[in-house]
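Residue-level structural notes
If you want the building blocks of each chain, they are given just below.
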Amino acid sequence: MAQRKLPKEVQEIFDRYVRNNVRRLKREEAVVMMVKEFDLSAEQAAAMFEAFDKDKNGVMSIWEFQQFYALAGRCASELVAKFKALDKDGSGKLDAVEVTEELRQHDLGEKEIEFFINVSVGNDGLIDIGQFASLLHRLRVHDENKKKK
């Protein structure tokens, strides 16, 4: 079985907070890490933790952290600021109207906007901070591919 290789920076950041070589951080430890390493407030870090704790066990594994780092990483505080700016009603989730504003800045047609919204929304029809991070990642890939053409 091929072993998955972590980017060196991901491993180094995570390892600064682990104890006894256990590559898992409890919620409180992960929040502290996100505050110190990514310039997030405790509230923002807690929201990111909730979004990236994929199995909802209250623990962030190295693989969940890698997902966070790949989608938000060094831009986490800007991502949170953008999310809050779009969240006009302060609900902590974005509806289609709120996120359309961001999508229009990427020179997308109406069908593309509808597509990006449909692949990003949760079961409740809304977009949380983790889904928003995924959406922005998809948009970056889309924009890069568009530039190559």
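Let me begin by describing the structure that accompanies this report. (Residues numbered from 1 in each chain as written. Predicted model: local features only at pLDDT ≥ 70, side-chain atom pairs only at ≥ 80, totals over all residues. Heavy atoms only, no water.)

What to know about the layout of surface pockets
For clarity, the threshold we go by: Think of a 1 Å grid over just the protein atoms. A cavity is a set of points where a 1.4 Å probe fits yet cannot get out, a pocket is an open set with protein on both sides within 12 Å along at least five of seven lines, and lining residues have an atom within 4 Å of a point. Grid points are joined across faces, edges and corners, and a volume is the space filled by probe spheres set on the points. The numbering of helices and of strands both runs from the N terminus, where a helix is a DSSP run of H or I of at least 4 residues and a strand a run of E of at least 2. Each residue gets one of three labels, nonpolar for Ala, Val, Leu, Ile, Met, Phe, Trp, Tyr, Cys and Pro, charged for Asp, Glu, Lys and Arg, and polar for the others, Gly among them.
When its volume is computed, the largest pocket comes out at roughly 210 Å³. The wall of the largest pocket is formed by Glu43, Gln44, Ala47, Val80, Phe83, Lys84, Asp87, Ser91, Gly92, Lys93, Asp128 and Ile129. Counting residues per element, the ones that place at least two in the lining of the largest pocket are α3 (42–52) and α5 (76–86). Considering only residue class, the lining of the largest pocket consists of four nonpolar, three polar and five charged. In this model, the second largest pocket occupies a volume close to 180 Å³.

Some remarks on helix α1 (residues 8–15)
Stated formally: Only protein chains enter the area calculation, which uses a 1.4 Å probe; residues under 20% of their type maximum are buried, those over 50% are exposed, and those in between are partly exposed. Throughout, the arc means that of the directions going from the helix axis to the C-beta atoms. We call two residues contacting when some pair of their heavy atoms lies within 4.5 Å.
Buried residues of α1: Val10, Ile13 and Phe14, and no others. Take α1 and look down its axis: the buried residues cluster within an arc of 95 degrees, on one side only. Buried-residue contacts for α1 involve β1 (24–26), α2 (27–38), β2 (59–61) and α4 (62–71).

Examining the packing of α2 against α3
How two helices pack is summed up by the angle between their axes together with the distance between the axes. Inclusion rule: Axis lines are fitted to C-alpha atoms, over the contacting stretch for helices. Their N-to-C directions set the angle, which ranges from 0 to 180 degrees. Working rule for angles: under 35 degrees goes down as roughly parallel, over 145 as roughly antiparallel, 65 to 115 as roughly perpendicular, anything else as oblique. We call a crossing left-handed when the near helix sits turned anticlockwise from the far one by less than a right angle, and right-handed when that turn is clockwise.
Put simply, α2 and α3 touch, their axes get as near as 9 Å, and they point 120 degrees apart. Relative to α3, α2 is oriented oblique. In terms of crossing hand, the pair formed by α2 and α3 is right-handed. Contacts between α2 and α3 involve Arg27, Ala30, Val31, Met34 and Val35 from the first element and Ala42, Ala45, Ala46, Met48, Phe49 and Glu50 from the second. Partitioned by chemical class, the residues of the contact of α2 with α3 number nine nonpolar, no polar and two charged.

Observations regarding the pattern of salt bridges
Here is the rule: For salt bridges, the criterion is a side-chain nitrogen of Lys or Arg within 4 Å of an Asp or Glu carboxyl oxygen.
All told, the structure shown has eleven salt bridges when counted by the stated rule. The partner of Lys8 in a salt bridge is Glu12, with the nearest N and O atoms 3.9 Å apart. Of the two residues, Lys8 and Glu12 both sit in helix α1, four residues apart, roughly one turn of that helix. Of the residues examined, Lys8 reaches a relative accessible area of 63% and is grouped as exposed.

Comments concerning α5
Side chains of residues three or four places apart in an α-helix project in the same direction, reflecting 3.6 residues per turn. Buried within α5 we find Ala76, Ser77, Leu79, Val80, Phe83 and Leu86. Next to the buried residues of α5 lie α2, α3, α4, α6 (96–104) and α8 (129–148).

Brief notes about the nonpolar core
Definition in use: Only buried residues count toward a nonpolar core, which is a set of Ala, Val, Leu, Ile, Met, Phe, Trp, Tyr and Cys residues joined through side-chain atoms within 4.5 Å.
Counting 45 residues, the largest nonpolar core has Met48, Phe65 and Phe132 as its most contacted members. Listed by contribution, the elements that provide at least two residues to this core are α1, α2, α3, α4, α5, α6, α7 (110–120) and α8. Sequence-distant contacts of Phe132, that is, excluding residues within four places in its chain, are made with Leu79, Lys82, Phe83, Leu86, Leu94, Val99 and Ile127.

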